[in-house]
Amino acid sequence: MAKHRELASAGTASLDRARGKEPEWSFVICLASLVFVILGSLFVMAFVKIRTLENSRLKTEESIRVLLKQCDPETMASQLSALGRTLRAAESQACVCPPGPKGDWGPRGERGRRGPEGRRGKDGEKGEKGNQGSRGVDGVQGPPGIDGPRGSMGIPGFPGSPGQQGDIGPQGLPGEPGPAGLRGPRGPSGHRGIPGVNSGDLDRWSGPLPTEGDGMFFSTNDVIHARGIPDNEVTGLSTLGNHGVLDSWEVTISSDSYQMGEDGNVTITRDGCYFIYTNVLFYDSGPYYGATTNINGETFLRCIGSRGSSRHVGFGPCYTSGVAEMSAGDQISIVGDFPMRNVDMRPETTYFGIIRLR
C-alpha cells in the first residue's frame, strides 16, 4: 500500500514538472518562426535588388549600343542624362541606408527637343465684338452678269416727227383677190356731185372743169381704191406698230397712175389734181384716237376723236377727205396718231382711195 502511494506521488510530481516546462517550448518555437520569416524576407529583398541591378545594367548596355549606332551628340547627351537618372534611382532603391541631406541645385541643363504637338484644347468663350475697321480698297470690277428678263412695256410716248421719205421700191406683183365678204348695210345717200361731161366727150374736153349748173356729167377711170387686210381673220383686228403706219392693204381698183409699195405708201406717177379719202375704224379702250393722211411725210389731213372719261373698249371711226395738187413721185401714206392701238381692218370698215380729177 505504501508502495502504491509512492508511485502515485511520483507520477503526480512528473506531471507537474511536465506542465511547468510547456510554456518554455512554445516561446522557443515562436521565436524560431519569427527569425525564419525575417531571414526569408531579407533573402527575397536581396534577390529583388539583385534582379533590379541586373536589369539596369542590361538597359545601360543597350542604351550605350543604341547611342554608338546613332552617333548623335545631342541624342547621346540626353540618353546619358536619362541613364544617369536611372542608375541613381536604382542605387537609391538598392541602398538601405537612410537618405542624406539634400544637395545644392545643379546647373541648368540644355533645353531638350520640342515634343509632339498636343491635342487642341476646347474653344474659349467668345470675346467682345471689336471696333469696325476702316474700309478696304475697292476690288477689280467683275464681269457683267446675265441679262435679266425683259420688263413690261411702258406707256407709249407721243408720236415723233416723220422721218425722211425713202426711195420708191419696185412695184410688186398683184396678189390673188380674196373671197368676197358679206354685203354690208346700205349707207346714207351722199351729197349731189357737180355735173360733168359725157365719157365720150372726155378726150375732146380742153376747157376748165365743169361747175355746178353746166348740165354736163364728169367721169374718169384714173382711180385707186385699197381696203384693209386684218391680221386676225376671226376678230378682223390688227395692232399698229411703234410708228403707227397702216401698211396692210389690198388694192381692188387701180390704174397706171398709181403704184402701191410694200410699205403701204401709194406713189403718184402723173401730175394732176387728186381727190383723197380715208376711213379708219379704231377698236380699243384709249381715251383718244386719230389718223393722219401724209403727202411726202407732211400732214395733209388729220382726224382726232375722243371717248371721254370712259375706259370701256369701243369703236372710234375716223374719216377724212380732201383735194390736193400733186406731182409725179409724190407719196401718200396713212398713219395712226397713237401707236400700238387696235384697228378694225376689215375691208368694209378701213379703206382709202385716190381719184385724179384733172
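Described in the following lines is the structure provided in the data block. For clarity, every value in this text was computed on a predicted model and none was experimentally measured.

**Considering the overall build of the protein chain**
Tallying secondary structure elements over the protein chain gives two helices and 12 strands in all. Across the protein chain, helices and strands are ordered from the amino to the carboxyl terminus as α-α-β-β-β-β-β-β-β-β-β-β-β-β. In the protein chain, the share of contacts with a sequence separation of at least 24, taken over all contacts with a separation of at least 6, comes to 69%.

**Points about the nonpolar core**
Ranked by size, the top nonpolar core spans 26 residues in total, and within it Phe282, Met326, Phe352 and Ile354 carry the most contacts. At the level of elements, β1 (223-228), β4 (258-260), β5 (266-268), β6 (272-284), β7 (288-295), β9 (314-326), β10 (331-336) and β12 (351-356) are the ones that each hand at least two residues to this core. By residue number, the principal contributor to this core is β6, which donates four residues. In contact with Phe352, other than residues within four places in its own chain, are Ile224, His225, Ala226, Trp249, Met260, Val266, Tyr277, Thr278 and Ile334.

**What to know about the layout of surface pockets**
Reported here for the largest pocket is a volume of approximately 890 Å³. Contributing to the lining of the largest pocket are 40 residues, with Pro162, Val245, Asn294, Ser333 and Val335 lying nearest its centre. Broken down by secondary-structure element, the contributors of at least two residues to the lining of the largest pocket are β4, β7, β8 (298-306) and β10. With five residues, β10 is the largest single contributor of residues to the lining of the largest pocket. The class makeup of the residues in the lining of the largest pocket is 12 nonpolar, 23 polar and five charged.

**A few points about the pattern of salt bridges**
Evaluation of the coordinates by the stated rule reveals 10 salt bridges. A salt bridge links Arg57 to Glu54, with the nearest nitrogen and oxygen atoms 2.3 Å apart. With Arg57 and Glu54 both in helix α1 (residues 2-70) and three residues apart, the pair spans about one turn of that helix.

**A short note on empty space enclosed by the protein**
If you walk through the whole model with that rule in mind, you get one cavity of 30 Å³ or more. In this structure, the largest cavity is lined by Thr278, Val280, Ala291, Thr292, Thr293, Cys303, Cys318, Thr320 and Ile334. Elements represented by at least two residues in the lining of the largest cavity include exactly β6, β7 and β9. With three residues, β7 is the single largest residue contributor to the lining of the largest cavity. Looking at side-chain class alone, the lining of the largest cavity contains five nonpolar, four polar and no charged residues.

**Examining the state of the cysteines**
Counted according to the given criterion, the structure contains one disulfide. A sulfur-sulfur distance of 2.1 Å marks the disulfide that ties Cys303 to Cys318. Note that Cys303 is positioned in strand β8 and Cys318 in strand β9, a separation of 15 residues in sequence. When sorted by exposure, Cys303 lands in the same class as Cys318, which is buried.

The rules behind the values
- Residues numbered from 1 in each chain as written.
- Predicted model: local features only at pLDDT ≥ 70, side-chain atom pairs only at ≥ 80, totals over all residues.
- Heavy atoms only, no water.
- Helix = DSSP H or I, 4+ residues; strand = E, 2+ residues; numbered from the N terminus.
- Contact = heavy atoms within 4.5 Å.
- Core = buried A, V, L, I, M, F, W, Y, C linked by side-chain atoms within 4.5 Å.
- Buried < 20%, exposed > 50% of the residue type's maximum accessible area, 1.4 Å probe, protein only.
- 1 Å grid on protein atoms, 1.4 Å probe; cavity = no way out; pocket = protein on both sides within 12 Å on 5 of 7 lines; lining within 4 Å.
- Points joined across faces, edges and corners; volume = space filled by probe spheres on them.
- Nonpolar A, V, L, I, M, F, W, Y, C, P; charged D, E, K, R; others polar.
- Salt bridge = Lys/Arg side-chain N within 4 Å of Asp/Glu carboxyl O.
- Disulfide = S-S within 2.5 Å.

Bear in mind that shape data such as this cannot, by itself, settle questions of function.
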